[in-house]
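Per-entry structural report
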Amino acid sequence: FLVHLARHGAVADSESRVQFLIGNSIAYMNRHFTEKIRVETLVRLAHMSRRNFFRSFKLAAGCSPVEYLIRFRLRHSVDQLIHSDRSIAEIAASCGFYDSNFFCKKFREHYSITPGRCRAMHGLPPNPPFVTVEKPESEPEKCSGKHSRK
């Protein structure tokens, strides 16, 4: 009985340790999802070899680290699409997508609708129009060539 308990207890401890170490990488991704995240950083945080990290991450999270990060960014983008008047490109950038076309492609793959359609389903225009904000007379006019959003 003691031998059985020792063997299975060691496996459980080993699995707990792996999940804990993968948890460090997941926590890092959750905190830094708006930034470029390097796999080498995640591997270092998990104190594993690259190969073991990918295998362990898939076992712990059910997907690859890249897929996890994309899904996390997409969930964050939905909130912004529904609750802000920022453009889809601005939302994509603020969620860590450096290419709005890639963002739209992944959004559609994951949710089966486009970001614009998601926004429209909540009664908002797909991409809110640009508006010009008038400057107070005391401020000198600057030539920036850009429009501001409300």
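The text that follows walks through the structure, step by step, so that each part is easy to find. Note that this is a predicted model, so its numbers are computed, not measured.

Now for the overall build of the protein. Within the protein one finds 7 helices and 0 strands. At a minimum sequence separation of 6, the contacts of the protein that also span at least 24 residues come to 52%. Surface summary for the protein: the accessible area is close to 10,400 Å², and the carbon and sulfur share equals 56%.

When two helices pack together, you describe them by how their axes are tilted relative to each other and by the distance separating the axes. As a packed pair, helix α4 (residues 65–83) and helix α6 (residues 100–111) sit with axes 10 Å apart at the nearest point and diverge in direction by 95°. The pairing of α4 with α6 is recorded here as roughly perpendicular in orientation. Residues I70, R71, L74, R75, S77, V78 and L81 of α4 touch α6, and the partners they reach there are F102, F103, K106, F107, H110 and Y111. In the contact of α4 with α6, the residues fall into 8 nonpolar, 2 polar and 3 charged.

Before going further, it helps to examine helix α2 (residues 39–46). Those residues of α2 not exposed but buried are V39, T41, L42, V43 and A46. In the stretch just after α2, H47 is the one whose phi turns positive, near 55°.

Let us look at the environment of A120. Along the chain, A120 turns up in helix α7 (residues 115–121). Residue A120 is classed as partly exposed on the basis of its relative accessible area of 32%. In this structure, the C-alpha to C-alpha distance between A120 and L81, residues 39 residues apart in sequence, is 9.5 Å.

So, about the side chain of S56. Looking at where S56 falls in the secondary structure, it is placed in helix α3 (residues 50–61). If near-sequence neighbours (up to four positions away) are discounted, S56 is found in contact with V18, I22 and M48.

Conventions adopted
Residues numbered from 1 in each chain as written. Predicted model: local features only at pLDDT ≥ 70, side-chain atom pairs only at ≥ 80, totals over all residues. Heavy atoms only, no water. Helix = DSSP H or I, 4+ residues; strand = E, 2+ residues; numbered from the N terminus. Contact = heavy atoms within 4.5 Å. Areas by Shrake-Rupley, 256 points an atom, 1.4 Å probe, with all protein chains shown as cover. Axes fitted to C-alpha atoms, helices over the stretch in contact; angles between N-to-C directions. Parallel < 35°, antiparallel > 145°, perpendicular 65-115°, else oblique. Nonpolar A, V, L, I, M, F, W, Y, C, P; charged D, E, K, R; others polar. Buried < 20%, exposed > 50% of the residue type's maximum accessible area, 1.4 Å probe, protein only.

These results come straight from atomic positions and should not be treated as a statement about function.
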